[in-house]
Amino acid sequence: MATLEQLRNGFENWLKAPMVTNIARVKSVNENEGTCVLIDEDDQEYLEVRLKPVLSDKNSFIQIPKIGSFVLAIRIEDDEDWMIIASDEVDKFLWNVGETKLELTDKILIEAGNQNLLKLMDRLFTVIERGYQTNTGSTIKLILEPEFNSIKNDFKSLLK
């Protein structure tokens, strides 16, 4: 068991250790580099704060904080490098898993393989709009049935 003196020295050393978290305001964002600049409550700037753990061209998950919003940043491995782990406002979330992409901004982008949800919806609405034949106002035959079935299969390849 630790002595009182050991505990006291341990607490003093812990208090002298550099801060490992920081709440700061976003000054600017460089989405291409995966970094941002933060300003803390003492107006100290933190340059090249990471938006993801490893700076690389891979973007499995990235959140782009809104300029002027507050974020929680953590120090990476007791180094001078920082990384954002939470934001009170974001401009974008991006998830990439293999060939699947989900992007949330003021709109939603969903892509998987070579399929895109918006393009599939456009094709579907076109077929619905132009694809039926009537003789008295009642639908009697789907004219664009091959196109409709193609869209149906494309939806199945895009969505789970």
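Residues numbered from 1 in each chain as written. Predicted model: local features only at pLDDT ≥ 70, side-chain atom pairs only at ≥ 80, totals over all residues. Heavy atoms only, no water.

**Brief notes about the environment of Ile64**
Line of reasoning, step 1. With respect to the helices and strands, Ile64 occurs in strand S4 (residues 61-65).
Line of reasoning, step 2. Residue classification places Ile64 among the buried residues on the basis of a relative accessible area of 5%.
Line of reasoning, step 3. In sequence terms Ile64 and Leu51 are 13 residues apart; their C-alpha atoms lie 7.1 Å from each other.
Line of reasoning, step 4. Ignoring anything within four residues of it in the chain, the contact list for Ile64 reads Val29, Glu31, Leu51, Val90, Asp91 and Lys92. (Helix = DSSP H or I, 4+ residues; strand = E, 2+ residues; numbered from the N terminus. Buried < 20%, exposed > 50% of the residue type's maximum accessible area, 1.4 Å probe, protein only. Contact = heavy atoms within 4.5 Å.)

**With respect to the sheet that holds strand S8 (residues 100-104)**
Line of reasoning, step 1. What the five strands build is an open sheet, ordered S4-S7-S8-S9-S10; its pairing is antiparallel. Every interior strand has two partners, whereas the edge strands, S4 and strand S10 (115-116), have only one.
Line of reasoning, step 2. The pairing of strand S9 (residues 108-112) with S10 spans two bridges and is classified as antiparallel. Bridge pairing in S10 links Glu111 to Asn116. (Pairing = 2+ DSSP bridges.)

**Quick look at the environment of Glu77**
Line of reasoning, step 1. As for its position among the elements, Glu77 is in the loop between strand S5 (70-75) and strand S6 (82-87).
Line of reasoning, step 2. Overall, the relative accessible area of 75% leaves Glu77 in the exposed class.
Line of reasoning, step 3. For Glu77 and Val20, which are 57 residues apart along the polypeptide, the C-alpha to C-alpha distance reads 9.1 Å.

**What about the pattern of salt bridges?**
Line of reasoning, step 1. Evaluated as defined, the whole model comprises seven salt bridges.
Line of reasoning, step 2. The partner of Lys92 in a salt bridge is Glu31, with the nearest N and O atoms 2.5 Å apart. Within this pair, whereas Lys92 is found in strand S7 (residues 90-97), its partner Glu31 is found in the loop between strand S1 (21-30) and strand S2 (35-39), the two being separated by 61 residues in sequence.
Line of reasoning, step 3. Lys92 sits in the buried class, given a relative accessible area of 15%.
Line of reasoning, step 4. Asp154 is the partner of Arg123 in a salt bridge, and the nearest nitrogen-oxygen pair spans 2.8 Å. Taken together, the residues span a long stretch of sequence, with Arg123 in helix H2 (residues 117-130) and Asp154 in helix H3 (residues 145-158) at a distance of 31 residues.
Line of reasoning, step 5. We classify Asp154 as buried; its relative accessible area is 16%. (Salt bridge = Lys/Arg side-chain N within 4 Å of Asp/Glu carboxyl O.)

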